[in-house]
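Chain and residue survey
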Amino acid sequence: MASTDKHEIKMINGTVLLMKKTPLDLGSSQVLAPHENYEILGHKVILQLVSSVHGDQDIVEGKTLKGKLGNPSHLRDENKSGSESKFCVTLEWDHEVLGAPGAFIIKNLNTSEFYLKSLTLEASDPSLDTVQFVCNSWVYPAEKYKSDRIFFVNQAWLPSETPAALRVYREEELLTLRGNGTGKLEEWDRVYDYDCYNDLGDPDNGPLYARPVLGGSVEYPYPRRGRTGRPPSKADPNSESRLPQIASFAIYVPRDEKFSPVKMTDVLSNAQKAIAQVFAPQLAALGNLSLNEFNSFEDVLKVYEPGTPGFLKYPTPHVIREEKSAWMSDEEFGRETLAGLNPVCITALKEFPLTSKLDPKTFGDQTSKITREQIQNQLDGMTIEEAMEVNRLFILNYHDIVMPYARKVNTSHSKIYATRTVLFLQKDGTLKPLAIELSLPHPDGDQLGAISKVFTPAENGVEGALWQIAKAFVAINDSGVHQLLSHWLRTHASVEPFVIAANRQLSMLHPVYKLLHPHFRDTMHINALARQAVLNAGGIVEKTVFPGPLSMELTSIAYRDWVFPDQALPAELVKRGVAVEDPSSKHGVRLLIEDYPYAVDGLEIWSAIKSWVNEYISLYYKSDDMLQKDTELQAWWKELREVGHGDKKDEPWWPKMQTRQELIDSVTIIIWMASALHAAVNFGQYPYGGFAPNRPGMSRRLIPEPGTPEYEELKVNPVKGYLKTITPQFQTLIGISALEVLSTHTSDEIYLGQRDSAEWTKDKEALQAFERFGKKLAQIEENISMMNNDKKWKNRTGPVKMPYTLLYPTSEPGLTAKGIPNSISI
């Protein structure tokens, strides 16, 4: 067939891979009933190729406008396999006139959406290259869209280097993703926009469910979340109305941010199992006088496999798989500050006595009551000053975080102390707790300072029982700080603005977007579900961690101290005083605790990420000037600072994004937060905290006083006294059920060093650099296994004989206590 200008029209054969919506895909408001199905009719899906070389010309200015379009063609010859369908398409294309295709437009004239995975074009002329489009996006019926859906070729271009024929398409796609900032967002809108956390409370349900708006004020600064556009509540115009819990999965996030059908199936299955686990023991206990109470550690063990008949079993947490009682040892207590689920809070002790940063006008004297005599004889013959000088004293200090909330918390059913724990680095590399201070506000007023008790190690009698309870109160502080700050604030909440800003300002053609995109997978969806059912007023977090209704307010106060450059692992370790800068050391810092599994493995992962980012960025930016002139990159960074983290916009520490090194450093931090940091503080939750006595989240009573019945009971039955102090049975089961879901890898997880498609970019140099990154990670895996088997590293397995694998890059599906997913996906 020939065209009028005598050029031969080439026929390009294409293969389109798509998936239909499944009955379990709750991303749509039009969810199918299990018995329903629907057809994607190929003749109702129209494709047109877009030239990357030739465009229509502006007659007046002579500029190239939109790339020329090929003739439309429809899909045919469907080949079904489960929910996946493969279609053929044949497209007419005059290569001499139109050049290489750089994009395609797709129209869906069916009545239902489908998930477009890819388009592969094979030219009939062997001299032409195969063209690959990796799409991975939902395509809604054309009547829903306000613009055509366009997908670009798998190529990375800076804005200035984008072929002129594609530039308008590139800009229009970004405008669509930004939306207009108004109105309720529907699932097909594909809009990325910002809002404050004004949807945690439910004031329409009564004043007890009202919560402050987080973000947009000096009092409650906060990162921004994705806007849904739901109308305000009736009782408070500043608060957004809430969806009913049963409709949680219908909460708006841009459709491509929703879980995949496979992940949705896994999450729903795990959640249903968790609900059944919570209530089955409660039903089995009806008629039992000890309802809602564990009377012994043996009672607790009954809820785990193999357990006893009548209970739906929980998996046995890793911390008690080998040794049932080693979690109670002081050595394991110290080890978990370095290799547990919250290894990011221990700091160097640099002053004695310990002071407080709380305002003395409001809180009075908050100086520690730990005395020299209480710890001096436990320092291997050193004075306190000598031990601090040689970096042998450390502290787990939750005093200033908790004290402002202690009075409010203690008026509720929950009880709490503000804690300080001093630890000594022994010659064998393990940490020994020396003293625990438990502090309460003065009963006659905050301004009168703290009332404190100090406990020192004891093994037997009532003193031993009190020491175990003191450690439990430290664990309760640690659990709350972990869940709210180390986990939620520093990963989930802090990363979401980067996700939104990247989608609004960086085209899918941008090399930095291609680099970051896998590290944003599922984050907006898991965060939206958390706001809906976990962090909300009366939700799981308020029921299972000590601040209760004050939980999210506490995260806002902590955000005041959030500093972006300090999220870099080397900087964070130096800031906590557990490392010092040392240019001669492998990673530029030297650890002061040599056997610190989180830091040792983390620095290796950090270095591998940074090396990969450095290689990749250097492929596209040959000079700082190129970066400064990159309009999309500069718009991304400006919006991220001024809107996404807008309450921090005036901070002097923000990188100016004027040099390649600033970009490399910043992108490395983002990837670290979204992958390795989140893995380190998330996937150990059930392995360590699934056995509640090891990681209680709340307490029901304060330390028993001498002369009280509770104190006498502690003498007779210290285990029962311990269990009566920490979280009761029902809340325990709610808590560990949630932890099991959060700690489980789904079957479609994609790990650091992996991509969902081998064809994620056409740039061979980028693919080669990525392959080198994967090989580095594989070597790190081998090194972690070797260190875990080396008995000289006592903190890598500890008394519980549980190897530290939370920063082991890969994993199988399930509850594995290892694996670094690319993104915050659960």
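Residues numbered from 1 in each chain as written. Predicted model: local features only at pLDDT ≥ 70, side-chain atom pairs only at ≥ 80, totals over all residues. Heavy atoms only, no water.

**What about the overall build of the protein chain?**
Heads up, the rule is: Every helix listed is a DSSP run of H or I at least four residues long, and every strand listed is a run of E at least two residues long, numbered separately from the N terminus. Using C-alpha atoms as the atom set, the radius of gyration is obtained and then compared with a globule rule of 2.2 Å times the number of residues to the power 0.38. The buried label applies to any residue whose accessible area, calculated with a 1.4 Å probe on protein chains only, is under 20% of its type's maximum; exposed applies above 50%, and partly exposed to all values in between. Should any heavy atoms of two residues lie within 4.5 Å, those residues are considered in contact.
Helix and strand counts for the protein chain stand at 24 helices and 19 strands. Taking 28 Å as the expected radius of gyration for a compact globule of 826 residues, we find that the protein chain reaches 29 Å, a close match to that expectation. Along the first, second and third principal axes, the C-alpha atoms of the protein chain reach 105 × 65 × 50 Å. Taking all 826 residues of the protein chain together, 59% fall into the buried category. At a minimum sequence separation of 6, the contacts of the protein chain that also span at least 24 residues come to 73%.

**Digging into the side chain of Glu 542**
The condition that has to hold: Polar contact criterion, stated in full: a pair of N or O atoms within 3.5 Å, where within protein one must be able to donate a hydrogen and the other to accept it, and residues adjacent in sequence count only if both atoms are side-chain atoms.
Structurally, Glu 542 is set in helix H13 (residues 540–544). In this structure the side chain of Glu 542 is engaged in a polar contact, spanning 2.8 Å, whose partner is the backbone nitrogen of Gly 538. Not counting the four nearest positions on each side in its chain, Glu 542 is found in contact with Arg 211, Asn 536, Ala 537, Gly 548, Pro 549 and Met 698.

**Details of the confidence of the model for the protein chain**
Worth spelling out the cut-off: A residue's pLDDT is the confidence the predictor assigns to it, expressed on a 0 to 100 scale.
Per-residue confidence for the protein chain gives a mean pLDDT of 91; residues scoring 70 or more make up 92%. Here residues 1–5 is a poorly scored stretch, pLDDT under 50, and it has nine contacts once near neighbours within four places are set aside; other chains count. Low pLDDT (under 50) marks residues 285–290, which in the prediction has two contacts with non-local residues, meaning those over four places away or in another chain.

**Let's talk about the packing of aromatic side chains**
For the record, the criterion: Working definition: a ring pair exists when centres of Phe, Tyr or Trp rings (six-membered ring for Trp) sit within 6.5 Å. Plane angles under 30 degrees give stacked, over 60 give edge-to-face, the rest tilted. Ring-over charges, as used throughout, are those where CZ of Arg or NZ of Lys falls within 6 Å of the ring centre and within 35 degrees of the ring normal.
Under the criterion given, the structure shown has 34 aromatic pairs. Judged by centre distance (5.3 Å) and plane angle (65°), the rings of Tyr 115 and Trp 138 are edge-to-face. With Tyr 115 in strand S8 (residues 114–123) and Trp 138 in strand S9 (residues 131–139), the pair connects residues that are 23 residues apart, well separated along the chain. Trp 138 shares its class with Tyr 115; the two are buried. Three or more aromatic residues link up through ring pairs in this structure, and these residues are Tyr 197, Tyr 222, Trp 488, Phe 498, Tyr 559, Trp 562, Phe 564, Trp 636, Trp 637, Trp 653 and Trp 654. One residue, Lys 144, lies across the ring of Trp 188, its end atom 4.0 Å from the ring centre.

**Quick look at the side chain of Asn 110**
Tracing the backbone through its elements, the reader meets Asn 110 in the loop between strand S7 (101–108) and S8. Take Asn 110: its relative accessible area is 7%, and that puts it in the buried class. Once residues within four sequence positions are removed from consideration, Asn 110 is found in contact with Glu 39, Ile 40, Leu 41, Lys 44, Val 45 and Pro 141.

**A few points about helix H2 (residues 164–178)**
Because an α-helix completes one turn every 3.6 residues, residues spaced three or four positions apart along the sequence face the same direction. Selection criterion: Multiplying one less than the number of residues by 1.5 Å gives the expected span of a helix. The directions from the helix axis to the C-beta atoms form the arc being described.
The end-to-end C-alpha distance of H2, which contains 15 residues, comes to 22 Å, matching closely the 21 Å that a straight helix rising 1.5 Å per residue would cover. All of the buried residues in H2 are Ala 165, Leu 166, Tyr 169, Arg 170, Glu 173, Leu 174 and Leu 177. Viewed along the axis of H2, the buried residues span an arc of 145°, placing them on a single side of the element. Positive phi appears at Gly 179, one or two residues downstream of H2, with a value of about 70°.

**Quick word on the packing of helix H10 (residues 461–505) against helix H18 (residues 631–644)**
This is how it is decided: To obtain an axis, a line is fitted to C-alpha atoms, over the contacting stretch when the element is a helix, and the angle between two such axes runs from 0 to 180 degrees between their N-to-C directions. For a crossing to be left-handed, the near helix must be turned anticlockwise from the far one by less than a right angle; the clockwise case is right-handed. Under the convention adopted here, Pro, Cys and the residues Ala, Val, Leu, Ile, Met, Phe, Trp and Tyr are nonpolar, Asp, Glu, Lys and Arg are charged, and Gly plus all remaining residues are polar.
Where H10 meets H18, the axes come as close as 9 Å, and the angle between the chain directions of the two elements is 140°. Handedness of the H10/H18 crossing: right-handed. Between H10, through Pro 497, Phe 498, Ala 501, Ala 502, Arg 504 and Gln 505, and H18, the contact on the second element is made entirely by Glu 632, Ala 635, Trp 636, Trp 637, Glu 639, Leu 640 and Gly 644. Residue composition of the contact of H10 with H18, by class: eight nonpolar, two polar and three charged.

**Details of unusual backbone geometry**
Note: most peptide bonds trans; most residues except glycine with negative phi. Phe 352 connects to Pro 353 through a cis peptide bond whose omega is 0°. Relative to the elements of secondary structure, Pro 353 occurs in the loop between strand S13 (347–348) and helix H6 (360–363). Phi is positive for Arg 190, which is not a glycine, with a value near 55°. Structurally, Arg 190 is set in the loop between H2 and strand S11 (194–195). Take Arg 190: its relative accessible area is 7%, and that puts it in the buried class.

**What about the environment of Lys 648?**
The residue Lys 648 is located in the loop between H18 and helix H19 (660–682) in this model. C-alpha of Lys 648 to C-alpha of His 492: the two residues are 156 residues apart in sequence and 17 Å apart in space. Beyond its immediate stretch of four places on either side in the chain, Lys 648 contacts Tyr 559, Arg 560, Asp 561, Trp 562, Trp 653 and Trp 654. A polar atom in the side chain of Lys 648 sits 2.8 Å from the backbone oxygen of Tyr 559. Polar side-chain contacts of Lys 648 include one of 2.6 Å to the backbone oxygen of Arg 560.

**Examining the pattern of salt bridges**
Pairing is possible between side chains of opposite charge, provided their charged atoms come close. What counts is decided by this rule: Throughout this description, the term salt bridge denotes a Lys or Arg side-chain nitrogen within 4 Å of a carboxyl oxygen of Asp or Glu.
In the structure shown here, the tally under the stated rule is 45 salt bridges. Asp 299 is the partner of Lys 302 in a salt bridge, and the nearest nitrogen-oxygen pair spans 3.5 Å. Residue Lys 302 is classed as partly exposed on the basis of its relative accessible area, which comes to 35%. Where salt bridges share partners, they join Asp 195, Asp 199, Arg 225, Arg 230, Glu 240 and Arg 531 into one cluster.

**So, the sheet that holds strand S17 (residues 450–455)**
Defined as follows: Strands were regarded as paired on the criterion that DSSP finds at least two bridges between them.
Reading across from one edge, S13-S14-S15-S16-S17 is the order of the five strands in this open sheet, with antiparallel pairing throughout. Looking at which strands have only one partner, the edges of the open sheet turn out to be S13 and S17. Sheet topology places S13 next to strand S14 (residues 393–397); two bridges connect them, and they run antiparallel. Within S14, the position partnered with Thr 347 by the bridge is Ile 395. Each of S14, strand S15 (418–425) and strand S16 (431–441) touches helix H5 (residues 330–339); the most contacted strand, S16, lies at about 80° to it. Across the sheet, helix H9 (residues 399–410) touches S14, S15, S16 and S17, and the angle it forms with S16 is around 45°.

**With respect to the environment of Ser 785**
Along the chain, Ser 785 falls in helix H24 (residues 764–788). Separated by 123 residues in sequence, Ser 785 and Glu 662 place their C-alpha atoms 34 Å apart.

**What to know about the nonpolar core**
Note that soluble globular proteins tend to have their nonpolar side chains buried in a common cluster. Condition: Side-chain atoms within 4.5 Å link the members of a nonpolar core, which is a set of buried Ala, Val, Leu, Ile, Met, Phe, Trp, Tyr and Cys residues.
Core analysis: the biggest nonpolar cluster contains 176 residues, and Val 512, Phe 564, Tyr 598, Trp 636, Leu 663 and Trp 672 have the highest contact counts within it. A total of 22 residues in this core trace back to one element, the largest contributor, which is H10. Look past the residues within four positions of Val 512 in its chain and what remains in contact with it is Leu 506, Ile 617, Tyr 621, Leu 633, Trp 636, Leu 663 and Val 667. Of all hydrophobic cores here, the second largest spans 40 residues; its members include Leu 18, Ile 105, Val 139 and Phe 151.

**Details of the packing of helix H21 (residues 709–716) against helix H22 (residues 718–725)**
Helices that pack against each other are described as a pair by the angle of their axes relative to one another and the distance between those axes. Put simply, the test is: Between 65 and 115 degrees an angle is taken as roughly perpendicular, under 35 as roughly parallel, over 145 as roughly antiparallel, and anywhere else as oblique.
Remark: H21 packs on H22, axes separated minimally by 5 Å, with the N-to-C direction vectors making an angle of 130°. Between H21 and H22, the interaxial angle falls into the category oblique. Two secondary-structure elements touch here, H21 through Glu 713, Leu 714, Lys 715 and Val 716 and H22 through Pro 718, Lys 720, Gly 721, Tyr 722 and Lys 724.

**Considering the environment of Ser 618**
Its location among the elements puts Ser 618 in helix H16 (residues 597–620). Residue Ser 618 is classed as partly exposed on the basis of its relative accessible area, which comes to 29%. Along the chain, Ser 618 and Arg 372 lie 246 residues apart, while their C-alpha atoms are 55 Å from each other.

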